[in-house]
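# Structural description and commentary
Each chain, letter by letter, is given below.
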Amino acid sequence: MKVFFVGAGPGDPDLLTVKARRILEECQICVYAGSLVSPEVVGLTPEECELHDSAGMTLDEIETVFVSGLERDIDVIRLHTGDPSIYGAIREQMNILDRLGINYEVVPGVSSFQAAAAALKTELTAPEISQTVILSRTSGRTPMPEKQELAHLARTESTLCLFLSVHKLDEVATELATYYGEDCPVGVVYRASWPDQKVIEGTLNDIAAKVTSAAITKTAMIVVGQALARDLPISKLYHRDFSHGYRVAGNDGNGDS
């Protein structure tokens with residue numbers, strides 16, 4: 001018996017990995033994050049699959065499901081939204097499994113920050129502008145470590161992908177404008193890859209008003225940074241005067257310089 005922590009992806013069932021889809025189509029017991037995981041993804045489980053919505057469960061109740069699978073020698077699928085390694089709260093579940101002597105495996109998934117970048121049709125890195133992407137959130141009921149507060153992160157002028165923070169966008173935009181400038185591009189993607197996906201684009205100066213007008217208050221990714229702009233230096237990777245291990249500068253691809 002094994003527990004599989006499976007990344008459900010951002011919502012679109014076509015964005016599941018091949019392995020994740022296979023596991024779901026064969027599973028007999030599934031604990032899923034009902035408040036976040038797409039119903040279409042959960043619907044890939046067999047009709048006879050035993051489903052447990054973790055939205056209303058405690059950690060102790062989840063442990064009971066793990067034990068039930070162990071006693072019956074049936075694998076348990078623990079289905080998490082996006083990729084389990086990001087805000088997945090899987091560590092405490094793994095600690096339980098270690099204590100119980102139950103083997104487990106993690107199947108990664110497409111994160112909502114990646115789906116948001118796809119929806120924005122943008123690259124999160126840009127030559128000479130931003131070579132670092134920071135995944136973070138604002139403080140709330142879960143406090144942030146002092147050195148990871150937004151102001152400290154913003155000083156790097158990296159591309160920021162902020163989870164669980166759209167309800168504080170006005171405050172976030174005001175704080176970030178000090179470091180990125182009011183004209184810095186921002187994208188907010190609501191329910192990335194879902195049928196009702198919404199994409200709002202603007203600057204730190206106007207994004208809060210646009211998002212408020214769209215009535216978006218949760219389940220959205222905020223992406224901030226100059227890398228989202230279009231008029232930026234091009235990568236040296238494909239420049240004709242740039243040599244690397246697979247191409248000599250000036251080579252037109254036909255062996256002539």
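The structure we're discussing is the one just above.
### A closer look at the overall build of the chain
Scanning the chain for helices and strands turns up 8 helices and 10 strands. By its C-alpha atoms, the chain is 65 × 55 × 35 Å across when sized along the principal axes. Looking at the 257 residues of the chain, the share that counts as buried comes to 44%. Across the chain, every contact between residues at least 6 apart in sequence was considered, and the portion connecting residues at least 24 apart equals 67%. Of the charged side chains in the chain, 22 are positive and 36 negative, and the gap between their average positions amounts to 2 Å.

### Examining the sheet that holds strand β2 (residues 29-32)
Read across the sheet, 5 strands follow the order β3-β2-β4-β1-β5 without closing on themselves; strand pairing throughout is parallel. Only two strands of the sheet have a single neighbouring strand rather than two, namely β3 (50-53) and β5 (103-107). This sheet shows a mean twist of 20° between the axes of neighbouring strands, independent of strand direction.

### Remarks on the sheet that holds strand β7 (residues 159-163)
In space, the 5 strands of this open sheet follow the order β6-β7-β10-β8-β9, with mixed pairing throughout. Among the strands making up the open sheet, the edge pair consists of β6 (133-137) and β9 (198-203). Averaged over all pairs of adjacent strands, the angle between strand axes in this sheet comes to 20°, irrespective of strand direction. Across 6 bridges, strand β8 (residues 185-190) lies against β9 in antiparallel orientation. Counted as the bridge partner of Gly-187 is Glu-201 from β9. Along the sheet, helix α5 (residues 112-120) contacts β6, β7, β8, β9 and β10 (220-224); its crossing angle with β10, the most-contacted strand, is approximately 65°. Helix-sheet contacts for helix α7 (residues 169-180) involve β7, β8 and β10, and the interaxial angle to β7 is about 165°.

### Overview of the state of the cysteines
Taken as a whole and assessed by the stated rule, the structure comprises 0 disulfides. Free cysteine Cys-27: the closest other cysteine sulfur is in Cys-49, separated by 3.5 Å. Not part of a disulfide, Cys-30 finds its nearest cysteine sulfur in Cys-27, a span of 4.9 Å. By relative accessible area, which is 0% here, Cys-30 ends up buried.

Basis of the calculations
Sequence order sets the numbering: in each chain, residues are counted from 1 along the sequence as written. Only residues with pLDDT of at least 70 are given local features in this predicted model, and only at 80 or more are side-chain atom pairs given and counted; all residues enter the totals for whole chains, interfaces and linings. Each side-chain value is worked out from all heavy atoms of the structure, with water and hydrogens disregarded. Here a helix means four or more residues in a row that DSSP labels H or I, a strand means two or more in a row labelled E, and each is numbered from the N terminus. Relative accessibility thresholds used throughout: buried, under 20% of the residue-type maximum; exposed, over 50%; partly exposed, between the two (1.4 Å probe, protein chains only). What makes two residues a contact is simply this: any of their non-hydrogen atoms within 4.5 Å. Note that His is not counted, nor are the chain ends; the positive residues are Lys and Arg, and the negative ones are Asp and Glu. Where a charge sits is defined by one atom per residue type, namely NZ (Lys), CZ (Arg), CG (Asp) or CD (Glu). Strands qualify as paired when DSSP identifies two bridges or more between them. For helices, the fitted line uses only the C-alpha atoms of the stretch in contact; every axis is such a line through C-alpha atoms, and the angle between N-to-C directions lies from 0 to 180 degrees. Here, two cysteine sulfur atoms that lie within 2.5 Å of each other are counted as a disulfide.

Without other data, these values stay purely geometric and don't point to any function.
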